[in-house]
Amino acid sequence: MKSYSIFLRDRAQADADHPRLLAYEISDRDVAQALVSSIAASHEDHGFNPATGVHWFRYGGSLHEIYAWPQR
């Protein structure tokens, strides 16, 4: 059985290449994607990059990326 994780990356931090794990062992891809979308949408300034499949939002003056993995 495949499981999904949710990762968060703060693009302003020096270690932006190392995202933080927010959730894991989500059994359904649609549920993981819905959680990612809801978290991003809970911020006033948010969006989705269809080219990368990554949601983003601004918080605390920083740009954050949030996504489910694996994506497909």
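Remember, it's a predicted structure, so these values are computed and weren't measured experimentally. One numbering rule holds for all chains: residues counted from 1, following each sequence as written. The predicted origin of the model limits local features to residues at a pLDDT of at least 70 and limits the giving and counting of side-chain atom pairs to 80 or more, whereas totals for whole chains, interfaces and linings rest on all residues. Calculated side-chain values reflect all of the structure's heavy atoms, with hydrogen atoms and water omitted.

> Hey, could you run me through unusual backbone geometry in this one?
Backbone geometry follows two general trends: most residues other than glycine have a negative phi, and most peptide bonds adopt the trans configuration. The residue after Trp69, namely Pro70, is reached through a cis peptide bond having omega -5°. Each helix is a run of H or I in the DSSP string that is no shorter than four residues. Each strand is a run of E no shorter than two, and both are numbered from the N terminus. Structurally, Pro70 can be placed in the segment after strand 5 (62–69). Backbone geometry at Glu25 places phi at a positive 60°, although glycine is not the residue there. Looking at the element boundaries, Glu25 is found in strand 2 (residues 20–26). To sort residues, take the accessible area from a 1.4 Å probe on protein chains only and compare it with the maximum for the residue type: under 20% means buried, over 50% means exposed, and anything in between is partly exposed. Residue Glu25 is classed as exposed on the basis of its relative accessible area, which comes to 61%.

> Could you clarify how one ought to interpret the nonpolar core in this entry?
A general trend in soluble globular proteins is that nonpolar side chains are found buried together. Definition used in this section: a nonpolar core is a set of buried Ala, Val, Leu, Ile, Met, Phe, Trp, Tyr and Cys residues joined via side-chain atoms within 4.5 Å. Among the nonpolar cores identified, the biggest contains 10 residues, and these are Tyr4, Ile6, Leu8, Ile26, Ala32, Val36, Ala40, Phe57, Ile66 and Ala68. Among the secondary structure elements, those contributing two or more residues to this core are strand 1 (4–10), helix 1 (29–41) and strand 5. Residues count as neighbours in contact if any of their non-hydrogen atoms are within 4.5 Å of one another. Ignoring any residue separated from it by four or fewer positions in sequence, one finds Ala32 in contact with Tyr4, Ile6, Ile26 and Ala68.

> When you look at the environment of Thr52 in this model, what are you seeing that I'm missing?
By the element assignment, Thr52 lies in the loop between strand 3 (46–49) and strand 4 (54–59). Remark: the alpha-carbon pair of Thr52 and Tyr67, spanning 15 residues in sequence, is separated by 9.7 Å. Polar contacts, as counted here, are pairs of nitrogen or oxygen atoms within 3.5 Å of one another; within protein the pair requires one atom able to donate a hydrogen and one able to accept it, and residues that are adjacent in sequence qualify only if both atoms are side-chain atoms. In this structure the side chain of Thr52 is engaged in a polar contact, spanning 3.4 Å, whose partner is the backbone nitrogen of Val54.

> Any chance you could explain the pairing of strand 4 here in plain terms?
Side-chain direction in a regular strand flips from residue to residue, so the side chains alternate between the two faces of the sheet. Whether two strands pair comes down to DSSP finding at least two bridges between them. Inspection of the sheet shows strand 3 paired to strand 4 by four bridges, in the antiparallel sense. Bridged to Asn49 within strand 4 is Val54. Inspection of the sheet shows strand 4 paired to strand 5 by five bridges, in the antiparallel sense. When the sheet's bridge partners are listed, Tyr59 is paired in strand 5 with Ser62. Taking the residues between adjacent antiparallel strands as the criterion, strand 4 and strand 5 are bridged by two residues, where Gly60 takes a positive phi near 60°.

> Help me understand the pattern of salt bridges in this model?
Opposite charge on two side chains allows them to pair when their charged atoms are near. Put simply, a salt bridge is a Lys or Arg side-chain nitrogen that is within 4 Å of an Asp or Glu carboxyl oxygen. Within the structure shown, the criterion is met by four salt bridges. The salt bridge partner of Arg29 is Asp30, with a shortest N-O separation of 3.9 Å. For Asp30, a relative accessible area of 55% translates into the label exposed. With a shortest N-O distance of 3.1 Å, Arg58 and Asp45 are connected by a salt bridge. In this pair, Arg58 sits in strand 4 while Asp45 sits in the loop between helix 1 and strand 3, placing the two residues 13 residues apart along the sequence. When its relative accessible area of 45% is taken as the criterion, Arg58 is described as partly exposed. Within the structure, one salt-bridge network assembled from shared partners comprises Arg9, Arg11 and Glu65.

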